[in-house]
Amino acid sequence: MIIRYYTIRADKKKKGWGRAVQESPTNTQTVRIERMAYSPSAVAKAQDGKTLFIDGGAPGDVAKVSIIEQKPSYAIARIEEIVEPSAKRAQNSPVCAASCGGCPWAHLSYEAQCASKRDNVVDALVRIGKMDTAHVNEIVDECVPSKKQWGYRNKLELGVSTDKQGKLTLGMFVEGSHDLTPIASCPLANKYIEKTPKALQGALRFASGADSLGIFRIGIRASVRTKSTEVALWTPPSAFPRAHVANTLMKSGKYTSIVRVLADPGKARKVKKVERLSGQGCWEEELHDARFLTSAPSFFQVNTAQAEVLITRVLDSLSDVEGAYIADLYAGGGTFTIPLAQAGADVVAVEAASSSVSDLRRNAEINGVFVDAVCGDAAKELSSLGTLDALVVDPPRSGLAQSMIKTIAKAKPRTIVYVSCNPATLARDIERFGKTGYQPKRVTPVDMFPQTYHVETVVSLVRASK
């Protein structure tokens, strides 16, 4: 069986689109794809031994590839033909017309996705964490699969631009670029928001006319459990036709909340204010026998069912927490804080984002638990908390600063539960924790993001007895 790939060169505009790009014989070779990288790409070895990164490949494929970019230690190649397709390829994946790059592993079977995610965690712990391969394979669990492989996301984030006719356009930014790909629907989103992009685009075009209203980002959240659905319009502080926009959007969909987030564009996204335009003014979700109200700027896990798996794994790692003094760092709106408090722990939660701290305090109140919620920098606040029984830490992708690891060690918790969204920084931090006397006891990859290479990992670290 031969599968031919016809590719589009981004630098050729419309000329030549739809035709296979001809490569010189020296640039074309047949390779066997070995594994998936922690990226959209698969990995193979070139004939000269150099590592090749290839989008669209699956472990076990025999493929004819063209090398399109040479780097000092690796090369980037493109598939021209799959001569022998791997058994690890998916057979019946939904077809996504958007081509926004949001489902880079959709061509893999789900079993292959989960296996590759575990492999990437193992590889990071061995290569970056400098751990023994046999020991790593003993302590790393199989990746916990998602109950849903499609339609699992409770949130979509859309970029906003204008088309050639000057009309407002909603879409996704291709990973690693500023190119907006218009989308009408998203098969990763749950049933309440899967087709919302098209409806919102039409409503906002009507509401804005020739003016974009300054909207640069749109967040949409929907809960299958509570039916709560919120639209958040991100704009700079300026005049805005609040009532007109709210009325127009309410006619286009069943939204329980419409808000406007006043913020500066760019990566920093410094939020100045949140205005309620219609409805509840926040988003409601049910998670692990608790209610969570989340404001538009605040973080919440996008896969609700798998977030419950994370919570269960965290609680299991800590065993009996009744009466234990536990710190929850980078606590967000209380994903782990509230269940810990419900289980009887004395919890102090530290979070830097003020909107999340407000959500956390509100969530503690509505769930009838007491939590000491502190708004501040985790490293600065931790030093004042004293000796801890246990600590939960869920940092951003960049992981923990080395000074933070030393500060955690000084608090002397018996157990540290580290929830990570980046195997590379997790492995680096585990190696650093090892120097302070903490060793990983159990590592559990959890698939929060099917059809992508991303993976969450729950790690329990215990202090070595002296």
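Predicted, not measured: the structure shown is a model, and the values here were computed from it.

Some words on the overall build of the protein chain
Right, on to step 1. Within the protein chain one finds 10 helices and 22 strands.
Right, on to step 2. Relative to the compact-globule value of 23 Å for 466 residues, the protein chain shows a C-alpha radius of gyration of 24 Å, a close match.
Right, on to step 3. Scored against the burial criterion, the 466 residues of the protein chain give a buried share of 52%.
Right, on to step 4. Accessible area for the protein chain stands at about 21800 Å²; split by element, carbon and sulfur atoms hold 51% of it.
Right, on to step 5. The average position of the 61 basic charges and that of the 48 acidic charges among the side chains of the protein chain differ by 6 Å.

A closer look at helix α9 (residues 402–410)
Right, on to step 1. Turning to α9, its buried residues are Met 404, Ile 405, Ile 408 and Ala 409. Across the axial projection of α9, the buried residues extend over an arc of 140°, all falling on one side. Facing away from the buried side of α9, by more than 90 degrees, are the exposed residues Lys 406 and Lys 410.
Right, on to step 2. Tucked into the core, α9 has its buried residues touching β16 (325–329), α8 (378–382), β19 (390–393), β20 (415–420), α10 (423–434) and β21 (438–446).
Right, on to step 3. Positive backbone phi, approximately 55°, marks Lys 412, located one or two places after α9.

Comments concerning the sheet that holds strand β22 (residues 456–463)
Right, on to step 1. On the basis of which strands lie adjacent, the open sheet formed by 7 strands has the order β18-β17-β16-β19-β20-β22-β21 and mixed pairing. Edge positions in the sheet fall to β18 (372–375) and β21, since each of these pairs with one other strand and no more. Across the sheet, the mean angle from the axis of one strand to that of its neighbour is 15°, orientation sign disregarded.
Right, on to step 2. Taken together, the 6 bridges between β20 and β22 define a ladder with antiparallel strand orientation. Across the sheet, Thr 415 pairs through a bridge with Val 462, a residue of β22.
Right, on to step 3. In the packing of α10 onto the sheet, contacts are made with β20, β21 and β22, and the angle to β20 comes to roughly 160°.

What about the pairing of β18?
Side-chain direction in a regular strand flips from residue to residue, so the side chains alternate between the two faces of the sheet.
Right, on to step 1. By the bridge criterion, 4 bridges tie strand β17 (residues 346–351) to β18 in an arrangement that is parallel. Note on β18: the bridge partner recorded for Val 350 is Val 374.

Overview of the nonpolar core
Right, on to step 1. Counting residues in each nonpolar core, the largest one holds 70 residues, and the members touching the most others are Ile 218, Leu 233, Leu 249, Leu 318, Ile 326 and Leu 340.
Right, on to step 2. Here this core takes 7 residues from helix α5 (residues 304–318), the largest share from any one element.
Right, on to step 3. With residues up to four places along the chain from it excluded, the contact list for Leu 233 reads Leu 204, Ile 215, Arg 217, Ile 218, Phe 240, Val 245, Leu 249, Val 259, Arg 260, Val 261 and Leu 277.
Right, on to step 4. Core analysis: the next-biggest nonpolar cluster, separate from the first, contains 39 residues, Val 348, Leu 388, Ile 430 and Phe 433 among them.

Considerations on unusual backbone geometry
Right, on to step 1. In this structure, Ser 319 is a non-glycine residue whose phi angle is positive, near 60°.
Right, on to step 2. For Ser 319, the position within the fold is in the loop between α5 and β16.
Right, on to step 3. Its identity is not glycine, yet Tyr 330 carries a phi of approximately 55°, on the positive side.
Right, on to step 4. Relative to the helices and strands, Tyr 330 resides in the loop between β16 and α6 (337–342).
Right, on to step 5. Exposure remark for Tyr 330: the relative accessible area of 29% places this residue in the partly exposed category.

A few points about the confidence of the model for the protein chain
Right, on to step 1. For the protein chain, the average pLDDT comes to 91, and 92% of its residues sit at 70 or higher.
Right, on to step 2. Counted against residues more than four places away or in other chains, residues 1–25, with its pLDDT under 50, gives 39 contacts.

Overview of the sheet that holds strand β7 (residues 155–162)
Sheets are built from strands paired through backbone hydrogen bonds, the pairs being either parallel or antiparallel.
Right, on to step 1. Strand order in the open sheet formed by 7 strands is β9-β8-β7-β10-β11-β12-β13, with mixed pairing between adjacent strands. What marks the edges here is a single partner per strand, and that holds for β9 (180–182) and β13 (271–279). Averaged over neighbouring strand pairs, the angle between their axes works out to 35° when direction is ignored.
Right, on to step 2. Running at roughly 145° to strand β8 (residues 168–173), helix α3 (residues 196–208) makes contact with β7, β8, β10 (217–222) and β11 (229–235) of the sheet.

Quick word on the packing of α3 against helix α4 (residues 242–252)
Right, on to step 1. Across the interface, α3 lies against α4 with an axial gap of 9 Å and an inter-helix angle of 145°. In this structure, α3 crosses over α4, and the sense of that crossing is right-handed. Residues Ala 199, Leu 200, Ala 203, Leu 204, Phe 206 and Ala 207 of α3 form the contact with α4, whose participating residues are His 244, Val 245, Thr 248, Leu 249 and Ser 252.
Right, on to step 2. Classifying every residue of the contact of α3 with α4 gives 8 nonpolar, 3 polar and no charged.

Notes on the environment of His 454
Right, on to step 1. For His 454, the position within the fold is in the loop between β21 and β22.
Right, on to step 2. Separated by 399 residues in the primary sequence, His 454 and Asp 55 have C-alpha atoms spaced 15 Å apart.

Focus: the pairing of β17
Right, on to step 1. Within β17, 5 of the 6 residues are buried, which leaves it mostly tucked inside the rest of the structure.
Right, on to step 2. Here β16 runs beside β17; their pairing, made up of 5 bridges, is parallel. Considered in β17, the bridge of Asp 328 is made with Ala 349.
Right, on to step 3. Handedness of the β-α-β unit built from β16, α6 and β17 comes out right-handed.
Right, on to step 4. A crossover connection joins β17 to the parallel β18 through helix α7 (residues 354–366); in handedness this β-α-β unit is right-handed.

Rules of the game
Residues numbered from 1 in each chain as written. Predicted model: local features only at pLDDT ≥ 70, side-chain atom pairs only at ≥ 80, totals over all residues. Heavy atoms only, no water. Helix = DSSP H or I, 4+ residues; strand = E, 2+ residues; numbered from the N terminus. Rg over C-alpha atoms; globule rule 2.2 N^0.38 Å. Buried < 20%, exposed > 50% of the residue type's maximum accessible area, 1.4 Å probe, protein only. Areas by Shrake-Rupley, 256 points an atom, 1.4 Å probe, with all protein chains shown as cover. Lys, Arg positive; Asp, Glu negative; His and termini not counted. Charge placed at Lys NZ, Arg CZ, Asp CG, Glu CD. Arc of directions from axis to C-beta. Contact = heavy atoms within 4.5 Å. Pairing = 2+ DSSP bridges. Axes fitted to C-alpha atoms, helices over the stretch in contact; angles between N-to-C directions. Core = buried A, V, L, I, M, F, W, Y, C linked by side-chain atoms within 4.5 Å. pLDDT = per-residue confidence, 0-100. Left-handed = near helix turned anticlockwise from the far one by under 90°. Nonpolar A, V, L, I, M, F, W, Y, C, P; charged D, E, K, R; others polar. Right-handed = clockwise from strand over helix to strand, strands pointing away.

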